[in-house]
Amino acid sequence: MEHLIKITFPDGKDKQYTTGTTAEIALKDFDKGLLKNVVAAQLNERYIDLSFPLNEDGLIKPVTIDSKEGLAIYRHSASHVMAQAVKELFDGVKVTIGPSIEDGFYYDFDSPRPFTPEDLGKIEKRMLEIIKKNMPFERSEIEKKVALKLFGDMGEIYKQELINEIPEDKVSIYKQGGFFDLCRGPHLPATGWIKAFKLTGIAGAYWHGNEKNKMLQRIYGTAFPTKQELEDYLYKIEEAKKRDHRKLGKELDLFSISDDIGSGLVCWHPNGAVVRSLIEDFWKKEHYKHDYKIIYTPHIAKVDLWKTSGHWEFYRENLYSPMDIEGQDFIVKPMNCPFHIQIYQSQIRSYRDLPIRYAELGTVYRFERSGVLHGLLRVRGFTQDDAHIFCRPNQLEDEIASVLNFTLYILRSFGFNNYDIYLSTRPEKFVGALDNWTKAESALKNALEKTGLPFQVDPGEGVFYGPKIDIKIKDMLGRAWQCSTIQVDFNLPQRFTVAYRGEDGKEHQPIMIHRALMGSLERFFGVLIEHYAGAFPLWLAPVQVIALTITEKNNDYAREVYDRLRKENIRVELDIRNEKLGLKVREAQLKKIPYMLVIGNSEEEKQVVAPRTRIGATLEPMSVDEFIGLVSKESKPNSAG
RNA sequence: GCCGGCGUAGCUCAGUUGGCAGAGCAGCUGAUUCGUAAUCAGCAGGUCAAGGGUUCGAUUCCCUUCGCCGGCUCCA
């Protein structure tokens, strides 16, 4: 029964249509020229196909290919095309789900035989054929019962499971050619709209992401509106590979992880150790400035300590087995907190003593499953830049605020200016007083708001012992790595009966804050390497300057320059090998040394040096003193380069 | 841990349908004394990840283990 509906356009104007008019027709009235970039429409809050018949009043908006949603729809359609290709090519394959993701899309299949890299080529070829046929994506709605039978008859058990999870009575189905799939949509009008795609990988993935379920075969792919954009993306991936810290770690001789030593255990080579020790020096200096006390604690402790802390009970999976020492069980430490508590408890503490801030670069060991290890970013032994603050409840907010500012200061000092910040609040299971939780959460929130930085609240995602702020640094591969964490803890003070003597002469329980600014030195170093592509800023560069002679006639003068820079604590090397300048420059360049000093007859005569930057610029020759001034000026945290 | 791929010289990688293991770079030796990303020549370098099996013969085929890579899962 047709009647009139009122459709409003984004510019506020409206028009009446008879019901059943498609979104496409309405959008054409709004803006004819726009339409070629439009892949779908949005009616009120709902995303719909262009062919969707309008049946109610509402605000319609075009969804263009250059929007986030538009691209997701485009890629989702590509995943359907892939599923069709796979179904056509391989017998006995069951389909499951195929969403769009950040950089593309995937589809999970239950296949009697795993896919091979060669299969990808075949699938791509078939996809091209499907695209060439330009088959429309046709939507239909059917009763759930009908859908169950339809998919059941085809043996699509996963689809049946999905249908059963849908609360509505009707489900929608999208069909292109002979292939149809349970899908909410929307989709592109037809397969021919897909202009550029590539299948990028095969991987196992558990059904519903649960490792107890069957492992499915996932095929990853990506799609872009134009071939150029696809090529740019693939180029970017290649470029990102060049920044991989594992590759650069080898090339620049920064660190190694040896099979003979064990997976996930890092050896810092001299070059990496220079960077680490500079980070540590900076870290210590800043901690003293911020009124922390630096401490050192042992690497192993009696297992009872971890029973008291609760780690033995809750995180047994990640702890290494005990070792017997004169009949007592010891374990290698997975955390530093119990030690810090012991130091706190070595004396009676007064309310006047608080806050007490203990900081330690504490090396801890945790068992990580072999499949998750990843270069420096996920290891089994690592050094936390850990600290524990013991404070009175009324000091909490100030402490949190200063920790947060301290964290951001440190991250910015290393050139990290982009982060994702999360505030995780009280989970269902928790310890501590509700009142304390509320106060702690608002303390964290207030502190975050004062920074003016955007953050996301993760309700219920806090740890059982307290709410927390996590800061993730984004690396050049687009991966977000959790580094900084600030956690309030009501649990450990209770378990260890940590106390201070209050103004009232009675015992009170302090609140503990755990915090790590860089997280672990290993992970932070890994992120740092990728961030700078191995070209560390001057203050962190393992070698800051290299003096390159032209012939051995210049050796004495070069040595003099070298000695003078050494005396100024500049990390300088001398290359007096009997090699051509071109070779020396190339090698220094590959080592990403910030400054090369070319030293030949003319420099020697004028008693100057001719600096060349690793970017390839040659500076005007200058005196050694001038150069020393230049280096010391640029060699500071958070300076560019 | 699970799924898939891979493991050949210090590094990057060829290769063997099962028959004495190859290159470039790096290293060493010698020559070259040179101006901003590779001077030339020679030499040396390997239990083909480890263990087991099939075979007259295995780096190659099969099994197991270890490690790495891409994901999944996990991550106080």
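See the structure printed just above.
If you're wondering where the values come from, they're calculated on a predicted model, not measured in any experiment.

Draft legend 1. Local environment of the nonpolar core. Within the largest apolar cluster, 66 residues are counted, with the highest numbers of intra-cluster contacts made by Phe-414, Phe-524 and Leu-528. The element that contributes the greatest number of residues to this core is helix H12 (residues 396-413), accounting for nine residues. Look past the residues within four positions of Phe-414 in its chain and what remains in contact with it is Ile-279, Phe-282, Met-518, Phe-524, Leu-528, Tyr-532, Trp-539 and Leu-540. Grouped together as the second largest cluster of nonpolar side chains are 36 residues, Val-93, Phe-115, Phe-179 and Leu-188 included.

Draft legend 2. Quick peek at the protein's contact with RNA strand B. Near RNA strand B, the surroundings consist of 52 residues, among which Met-215, Ser-370, Asn-578, Arg-586 and Glu-603 are the closest. Contact distances for RNA strand B include 3.1 Å between a sugar or linking oxygen and a side-chain N or O atom of Tyr-220. Arg-586 is positioned with one of its side-chain polar atoms (N or O) 2.6 Å from a base nitrogen of RNA strand B. Broken down by secondary-structure element, the contributors of at least two residues to the surface near RNA strand B are strand S12 (196-206), strand S13 (215-224), helix H7 (245-251), helix H17 (581-590), helix H18 (601-606) and strand S32 (610-613). Looking at the surface near RNA strand B, the element that brings in the most residues is H17, giving seven residues. Among the residues making up the surface near RNA strand B, the classes are represented as 19 nonpolar, 18 polar and 15 charged.

Draft legend 3. Highlighting the environment of Arg-184. Its location among the elements puts Arg-184 in the loop between strand S11 (179-182) and S12. Placed 317 residues apart in sequence, Arg-184 and Arg-501 show a C-alpha to C-alpha distance of 62 Å. Here Arg-184 is in contact with Arg-139, Ser-172 and Tyr-174, once residues within four sequence places are set aside.

Draft legend 4. Unusual backbone geometry, seen in detail. Of note, the amide linkage connecting Gly-185 to Pro-186 takes the cis form, showing an omega dihedral of -5°. Note on placement: Pro-186 falls in the loop between S11 and S12. The step from Leu-354 to Pro-355 runs through a cis peptide bond, and the omega angle for that step is 0°. Among the secondary structure elements, Pro-355 is positioned in the loop between helix H11 (337-344) and strand S20 (356-365). Positive phi, close to 50°, is recorded for Ala-533, a residue that is not glycine.

Draft legend 5. Inspection of the pairing of strand S19 (residues 328-332) at higher detail. One ladder, built from three bridges, connects strand S17 (residues 300-302) with S19; its direction is antiparallel. Across the sheet, residue Lys-302 finds its bridge partner in S19, namely Phe-330. Note: strand S18 (residues 323-325) against S19, three bridges, orientation antiparallel. Bridging across to S19, Ile-325 finds its partner in Gln-328. Taken together, S18 and the strand that follows it, S19, pair antiparallel across an intervening segment of two residues, in which Glu-326 is found at a positive phi of about 45°.

Definitions and limits used
Residues numbered from 1 in each chain as written. Chains lettered and ligands numbered in written order. Predicted model: local features only at pLDDT ≥ 70, side-chain atom pairs only at ≥ 80, totals over all residues. Heavy atoms only, no water. Core = buried A, V, L, I, M, F, W, Y, C linked by side-chain atoms within 4.5 Å. Buried < 20%, exposed > 50% of the residue type's maximum accessible area, 1.4 Å probe, protein only. Helix = DSSP H or I, 4+ residues; strand = E, 2+ residues; numbered from the N terminus. Contact = heavy atoms within 4.5 Å. Near = heavy atom within 4 Å. Polar contact = N/O pair within 3.5 Å; in protein donor to acceptor, adjacent residues only side chain to side chain. Nonpolar A, V, L, I, M, F, W, Y, C, P; charged D, E, K, R; others polar. Pairing = 2+ DSSP bridges.

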